[in-house]
Structures are given as C-alpha cells and as structure tokens.
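# Inside the fold
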Amino acid sequence: AFKKAHDIKLPYLLYVGNFKPHKNVSCLLEAYAGLPASLRSDHLLVLCGRKDHHRETVQAQAQELGLTPHLRFLDFVEDADMPVLYSGARLFTFPSLYEGFGLPPLEAMACGTPVVSSGATSLAEVVQDAGVVVDARNPKAIQQAIESVLAQPDLQDRLIQAGLEQASRFTLKTAAEQIMHILSRTTNRQPTG
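Residues numbered from 1 in each chain as written. Predicted model: local features only at pLDDT ≥ 70, side-chain atom pairs only at ≥ 80, totals over all residues. Heavy atoms only, no water.

### What about a negative patch on the surface?
Threshold: Patches here: salt-bridge-free residues with over 30% relative accessible area, like charges joined within 9 Å, nonpolar side chains (Val, Leu, Ile, Met, Phe, Trp, Tyr) joined within 5 Å. Note on areas: Shrake-Rupley, 1.4 Å probe, and residue coverage restricted to the protein chains presented here. Salt bridge, as used here: a side-chain nitrogen of Lys or Arg that lies within 4 Å of a carboxyl oxygen of Asp or Glu. His is not counted, nor are the chain ends, whereas Lys and Arg count as positive and Asp and Glu as negative. Charge placement uses NZ in Lys and CZ in Arg. For Asp and Glu, CG and CD serve respectively. The helix count covers DSSP runs of H or I at least four residues long, the strand count covers runs of E at least two residues long, and both are numbered beginning at the N terminus. Exposed residues in this analysis have more than 50% of their type's maximum accessible area, buried residues have under 20%, and partly exposed residues fall in between, with area computed by a 1.4 Å probe over protein chains only.
A contiguous patch of negative charge on the surface is contributed by E78, D79, D81 and E107. With respect to the helices and strands, E107 occurs in helix 6 (residues 103-110). Overall, E107 belongs to the partly exposed group, its relative accessible area being 30%.

### Examining the sheet that holds strand 4 (residues 91-94)
We count it as follows: One bridge is not enough; two strands pair if DSSP finds at least two bridges between them. Fitted lines through C-alpha atoms give the axes, limited to the stretch in contact for helices. The angle between two N-to-C directions lies from 0 to 180 degrees. Residues are treated as being in contact if the distance between any of their heavy atoms lies within 4.5 Å.
Read across the sheet, six strands follow the order 3-2-1-4-5-6 without closing on themselves; strand pairing throughout is parallel. Of all strands in the sheet, those bounded by a partner on one side alone are strand 3 (71-74) and strand 6 (132-134). Each strand of the sheet is rotated relative to its neighbour by a mean of 20 degrees, with strand direction disregarded. Pairing of strand 1 (residues 12-16) with strand 4 involves two bridges; the strand directions are parallel. Bridge pairing links L13 to L91 in strand 4. Its contacts with the sheet place helix 2 (residues 25-34) against strand 1, strand 2 (44-48), strand 3 and strand 4, and it is angled at close to 170 degrees to strand 2.

### With respect to the pattern of salt bridges
Applying the stated rule across the entire model yields five salt bridges. In this structure, R72 and D7 form a salt bridge, with 3.5 Å as the shortest nitrogen-oxygen distance. Taken together, the residues R72 in strand 3 and D7 in the loop between helix 1 (2-5) and strand 1 connect sequence positions 65 residues apart. Using a relative accessible area of 19% as the deciding quantity, one classes R72 as buried. Salt bridges sharing partners connect three or more residues here, namely D7, K9 and R72.

### Some remarks on the confidence of the model for the protein
What counts is decided by this rule: Looking at any residue, its pLDDT shows the predictor's confidence there, from 0 to 100.
Mean pLDDT over the protein works out to 92, with 97% of the residues at or above the 70 mark. Model confidence for the protein, summarised as mean pLDDT per element, is weakest for helix 10 (residues 172-187) at 79 and strongest for strand 1 at 98.

### Quick notes on the pairing of strand 5 (residues 115-118)
Operational definition: Classification remark: right-handed applies to a crossover when, strands pointing away from the viewer, the course from the first strand over the helix to the second runs clockwise.
Here strand 4 pairs with strand 5 via three bridges, running parallel. Bridge pairing links T93 to V116 in strand 5. A crossover connection joins strand 4 to the parallel strand 5 through helix 6; in handedness this β-α-β unit is right-handed.

### Let's talk about a nonpolar patch on the surface
A cluster of nonpolar residues, F101, L103 and F170, forms a patch on the protein surface that exposes about 260 Å² of accessible area. Examined against the element boundaries, L103 turns out to sit in helix 6.

### Quick look at the packing of aromatic side chains
Filter applied, for reference: Note on aromatic contacts: the rings of Phe and Tyr and the six-membered ring of Trp form a pair at centre separations within 6.5 Å, being stacked when their planes are under 30 degrees apart, edge-to-face when over 60 apart, and tilted otherwise.
Taken as a whole and assessed by the stated rule, the structure comprises six aromatic pairs. Plain terms: the ring middles of F19 and F73 are 6.1 Å apart, the flat faces sit at 50 degrees to each other, and that makes the pair tilted. Of this pair, F19 sits in the loop between strand 1 and helix 2 while F73 sits in strand 3; the two residues are 54 residues apart in sequence, bridging distant segments of the chain. Using a relative accessible area of 3% as the deciding quantity, one classes F19 as buried. Taking 5.9 Å as the distance between ring centres and 20 degrees as the angle between the ring planes, the aromatic pair formed by F92 and F94 counts as stacked. Under the relative-accessibility criterion, F92 is labelled buried at 0%. Judged by its relative accessible area of 1%, F94 is buried.

### Let's talk about unusual backbone geometry
A positive phi angle, close to 65 degrees, is found at N24, a residue other than glycine. Here N24 lies in the loop between strand 1 and helix 2. Residue classification places N24 among the buried residues on the basis of a relative accessible area of 8%. The phi dihedral of T121 falls on the positive side, at around 40 degrees, and the residue is not glycine. Mapped onto the secondary structure, T121 falls in the loop between strand 5 and helix 7 (123-127).

And the structure:
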C-alpha cells in the first residue's frame, strides 16, 4: 500500500535526509547515473526529504542527468511509515560529508537493509563493517559499491545480518549507561590548578 501510494513500482535504492550541500546527494545522483542502464531500469532511486530550495537544486541536477524517470522524491513520511520505507529498499545509500551522529544508516540497518555509506566523521563508527563504507567525494566509488552489493546476494545477506547486529548495540539502555559512566568519572575528578 505504501509503495502504491508513492508510485514505487520497482525495487529501489533509498536515501533519507535533507538536501543541504553537505549531504552530498549530488554525488549520489552522479553515482546512480553511472550505473549500467539495466540496473537503473530495474531500480528506482527514492530520495526522501522535505521539499526546500536545496531539493529543487537536486531535482534540477537529476533532470540534467536524465534521471527524472528513475527517481521518486518523497516529502515528509510519517514516523510510523519509516520502517516500511527502509525495509522495502534493496539498498540504503548515505553519502553525507559530515554528520553529528548519522541516524539514517542506523535506522536502515535496524530494518534489515544493506547500507552503502560515507565514512566521514561519525559515520565510520556508526556503520563500521556492517555496511560498505566509501569515499563519498568519489561518485565512481559509490557507484561501484552499489553495483557490488546489488550483484552479490551473499554480500547482501552478510550486510543485513551484520547491520542488525550493529544496530542492536545502539540501545537507550547502553546510551544511558555510557552517560552515567561519563558523569560519574567527571564528578569524581579533583579540580586542577
């Protein structure tokens, strides 16, 4: 029902986030454009994020690259529908150049979706070896990673399993314990100087 409502009739690659320049969606479009025509015709690229002037720039680039028939832009998606969106994807792509944390790749892994991600800033720690980490400034590297995952069912299966295990490490209980440990260490320190 979700796919029908959003005119998603084919398997799809997914990006979730905003369209600000640091999210590097333009590089993802170049990578997608570089895929063999057969892969593009068999896999849509779904870009989920609110419409703003940054998204309009990305849409213009997509049109210049001739990708418009292969793309679906989704505006706001209800929280309750996000697991459906993530789990329905063949692959989640996240080429961001910097993140404070990097929640979308973690959400994708928790939904059992293989991940191709930038290794910039915190993303390498979030994804680790549970996804394919690439140089997000290199469209060819992104393209090759996408092709590799789509062509290898064994790799997909390994990434799905590793992603579920990695996502399970990020719980509220674990976060609370780590914060309490830091606070405990901080309050037990003696002032210096």
